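# Structural description and commentary
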Amino acid sequence: MAEVVLDKVNKLYENGFHAVHDLSIDIADGEFIVLVGPSGCGKSTALRMIAGLEDISTGTLSIDDRVVNTLSSRERDIAMVFQSYALYPHMSVADNIAYGLKIRRMEKSEIQARVKRAADMLELGPLLDRKPKQLSGGQRQRVAMGRAIVREPKVFLMDEPLSNLDAKLRVQMRAEIGQVQRDLNVTTIYVTHDQTEAMTMGDRVALMKAGVLQQLGAPQHLYDNPDNIFVAGFIGSPPMNMALATVDRASRGVTVSMGGAEVTVPETVTSARPALASYAGRQVAIGLRSEDMEDASLARDGGNRATLSTTVSLTEALGSEIVVHFPVDAPRVVTEDTKALEEDAGTEDIPTTTAGNTWVASFSPRSRVRPGDTVQIALDAERLHYFDPDTGLAIRD
Ligand SMILES: Nc1ncnc2c1ncn2[C@@H]1O[C@H](COP(=O)(O)OP(=O)(O)O)[C@@H](O)[C@H]1O
Ligand SMILES: [Mg+2]
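Rules of the game
Residues numbered from 1 in each chain as written. Chains lettered and ligands numbered in written order. Predicted model: local features only at pLDDT ≥ 70, side-chain atom pairs only at ≥ 80, totals over all residues. Heavy atoms only, no water. Near = heavy atom within 4 Å. Polar contact = N/O pair within 3.5 Å; in protein donor to acceptor, adjacent residues only side chain to side chain. Helix = DSSP H or I, 4+ residues; strand = E, 2+ residues; numbered from the N terminus. Nonpolar A, V, L, I, M, F, W, Y, C, P; charged D, E, K, R; others polar. Axes fitted to C-alpha atoms, helices over the stretch in contact; angles between N-to-C directions. Parallel < 35°, antiparallel > 145°, perpendicular 65-115°, else oblique. Left-handed = near helix turned anticlockwise from the far one by under 90°. Contact = heavy atoms within 4.5 Å. Salt bridge = Lys/Arg side-chain N within 4 Å of Asp/Glu carboxyl O. Buried < 20%, exposed > 50% of the residue type's maximum accessible area, 1.4 Å probe, protein only. Phe/Tyr/Trp six-rings, centres within 6.5 Å; stacked < 30°, edge-to-face > 60°. Lys NZ or Arg CZ within 6 Å of the ring centre and 35° of its normal. Pairing = 2+ DSSP bridges. UniProt positions renumbered as here; feature names shortened; annotations may be inferred. Domains from an automatic or database assignment. Buried area = accessible area lost by both parts, 1.4 Å probe. Core = buried A, V, L, I, M, F, W, Y, C linked by side-chain atoms within 4.5 Å.

Residues in close proximity to ligand 1 include Y13, N15, F17, A19, P38, S39, G40, C41, G42, K43, S44 and T45, which together make up its full environment. In this structure, K43 approaches ligand 1 through a side-chain N or O atom, which is 2.9 Å from an oxygen atom. The biggest single contributor to the shell around ligand 1 is helix α1 (residues 43-51), with 3 residues. For the shell around ligand 1, the residue count by class is 5 nonpolar, 6 polar and 1 charged.

Here we come to the packing of helix α3 (residues 93-102) against helix α4 (residues 108-121). Running from amino to carboxyl end, α3 crosses α4 at an angle of 135 degrees, the nearest separation of the two axes being 10 Å. Judged by the angle between their axes, α3 and α4 are oblique. For α3 against α4, the interelement crossing comes out right-handed. Along the contact surface, α3 presents A94, I97, A98, L101 and K102, while α4 presents I111, R114 and V115.

A word on the pattern of salt bridges. If you walk through the whole model with that rule in mind, you get 16 salt bridges. Across the pair D224 and R383 runs a salt bridge whose closest N-O atoms are separated by 3.5 Å. Taken together, the residues D224 in helix α8 (residues 219-224) and R383 in the loop between β20 (374-380) and β21 (385-387) connect sequence positions 159 residues apart. On the accessibility criterion, D224 (27% relative accessible area) is partly exposed. One salt bridge in this structure joins R383 and D292, with 3.4 Å as the shortest N-O distance. With a gap of 91 residues between them, R383 in the loop between β20 and β21 and D292 in the loop between β14 (283-288) and β15 (293-295) connect regions that are remote in the sequence. The exposure class assigned to R383 is partly exposed, which follows from its relative accessible area of 33%. A residue is classified by how much of its surface remains accessible, and D292, at 9% relative accessible area, is buried.

With that settled, consider the packing of aromatic side chains. Think of a pair of aromatic rings as described by two things: how far the centres are apart, and how the planes are tilted against each other in angle. All told, the structure shown has 3 aromatic pairs when counted by the stated rule. Aromatic side chains Y88 and Y99 sit 4.8 Å apart centroid to centroid with 55 degrees between the ring planes, which places their arrangement in the tilted category. Separated by 11 residues along the polypeptide, Y88 in the loop between β6 (78-81) and α3 and Y99 in helix α3 bring together distant segments of the chain. Geometry around Y279 places R282 over its ring, the cationic atom sitting 4.4 Å from the centre.

Here we take up the pairing of β14. Remember that side chains alternate between the two faces of the sheet whenever the strand is regular. Among the 6 residues in β14, 5 count as buried, and that is most of the element. Here strand β11 (residues 241-250) runs beside β14; their pairing, made up of 6 bridges, is antiparallel. Residue pairing in the sheet places L244 in a bridge with A285 of β14. Bridging between β14 and β21 involves 3 bridges; their strand directions are antiparallel. Residue I286 lies in a different strand from β21, and its bridge partner there is Y386.

What follows covers the UniProt feature "domain: ABC transporter" (unreviewed entry) in the protein chain. The feature "domain: ABC transporter" (unreviewed entry), as given by UniProt, occupies residues 4-235 in the numbering adopted here. Along residues 4-235, the helical share is 38% and the strand share 25%, with 25 Å between the first and last C-alpha atoms.

Below, the discussion takes up the domain arrangement of the protein chain. Quoted interface sizes are often the accessible area lost when the parts come together. Each domain of the protein chain was delimited in the assignment, giving domain 1 (4-226) and domain 2 (234-387). Each partner contributes to the interface: domain 1 provides 13 residues, whereas domain 2 provides 12 residues. Summing both sides of the interface, domain 1 and domain 2 together bury roughly 1,100 Å²; the carbon and sulfur share of this comes to 63%. Its largest share of buried area at the contact with domain 2, domain 1 owes to Q195, Y223 and P226, together 50% of the area lost on that side.

The packing of two helices is summarised by the inter-axis angle and the distance between the axes. Two elements in contact, α4 and helix α5 (residues 137-150), have axes whose closest approach is 9 Å; the angle formed by their N-to-C orientations is 135 degrees. What the angle tells us is that α4 and α5 run oblique. For the pair α4 and α5, the sense of crossing is right-handed. Between α4 and α5, the contacting residues are R114, V115, A118 and M121 on the first element and G146, I149 and V150 on the second. Across the contact of α4 with α5, the residue classes break down as 5 nonpolar, 1 polar and 1 charged.

Once that is clear, we can look at the nonpolar core. The tendency in soluble globular proteins is for nonpolar side chains to be buried as a group. Formed by 46 residues in total, the largest nonpolar core has its most connected members in I97, I177, Y190 and L207. By residue number, the principal contributor to this core is α5, which donates 6 residues. When residues of this core are sorted by domain, at least three fall in each of domain 1 (4-226) and domain 2 (234-387). Filtering out sequence-adjacent residues up to four positions away, L207 remains in contact with V36, G37, V212, L213, Q214, Q215, L222, F230, V231, F234 and I235. In terms of nonpolar packing, the next biggest core, distinct from the first, is built from 36 residues, V263, L288, I322 and V324 among them.

This next bit is on unusual backbone geometry. Residue P238 is reached from S237 by a cis peptide bond, and omega for that bond is 0 degrees. Its place among the elements puts P238 in the loop between α9 (229-234) and β11. Even without a glycine there, the phi angle at D65 is positive, about 70 degrees. In this fold, D65 is placed in the loop between β4 (58-63) and β5 (66-67). Note on D65: relative accessible area 73%, which makes it exposed. Positioned with a positive phi, R105 is a non-glycine residue whose angle comes to about 55 degrees. Its location among the elements puts R105 in the loop between α3 and α4.

Written as structure tokens, this is what we have:
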């Protein structure tokens, strides 16, 4: 049972680097929180401060209403699982799992009972006598989990525990960790740079950039309602399409023009985002996810469809969908956020100009479009996202 509260927590390293800025998160008892963000954004620093492995420069950390800033790691009653499992090579699986309990001089029968329970839960029973080198990567990862579980801590902290595993095993372990966490109902803070892990594992996701929390919420909430361009571009794969568009006020309401398409913003959207009308005559950054577009020849005649005419540059038929790449004749959004996103995605030549904007749509597999075809693309006007091009913040009220 543990509620973990970070209140304006900061980390200033000795060299003056400000790695974590005013981080405030209330984590409920039993909750699974994922701290996600690009490499270097301060996730491990935050986790290590919670673990007691790193001093908190300013701010407070409380566990169950008790400020624990000055308590040692052990006194905080947390267990941590790292990327490197750090198993003792000469010890058996059972001894590796039991090690932390033995050094705490726990009674032997209690140790045995706990090791058995953890081994059953993690399906390690038949492997208890093996040495780490006789185990696969996934099995070693489970031993590391077992070592944390037997401690019966108030809080689990995990720092990229799956990043040494291959893709298939990662998917499987993702599900297993989620299952174990639900069974034990222990408050868990899980760090990853992988947005898919964040989306699939977290009750809530905390997305960080350069030491600053960008948004905290349920994964689907971040996906559907990103607070800024960085969140919009980081959560989701493929990333959200973006472009600069012009807002105008016409007799039929607010319109948005981009790439030869003019979208009448639906009433539901203008009332949910009253601030949008005040951008009339100015540019905004718009965003649209790939699944919110369809081959217009297949799209049902919805009331809120606008169409965009373009030439297909590339198609990827995946069976369940066709991924269609195409140029849009509207400027690319180039901000500090989009540069950070390109950097994180490993783009070699990060675009610095607004020219050459390419979008990605996901069409029904019944679409017959091929590279070189001229195609009409139906956009779901209800699903457009709007951001201020200067601040990067979502335009709402
Ligand atoms: N001991 C340290 N002294 C100074 N800077 C550090 C130290 N440890 C980490 N950093 C810096 O703090 C930032 C955040 O690091 P880290 O928390 O490890 O990021 P993440 O886990 O998100 O990849 C990075 O820029 C890193 O270089
Ligand atoms: Mg890290």
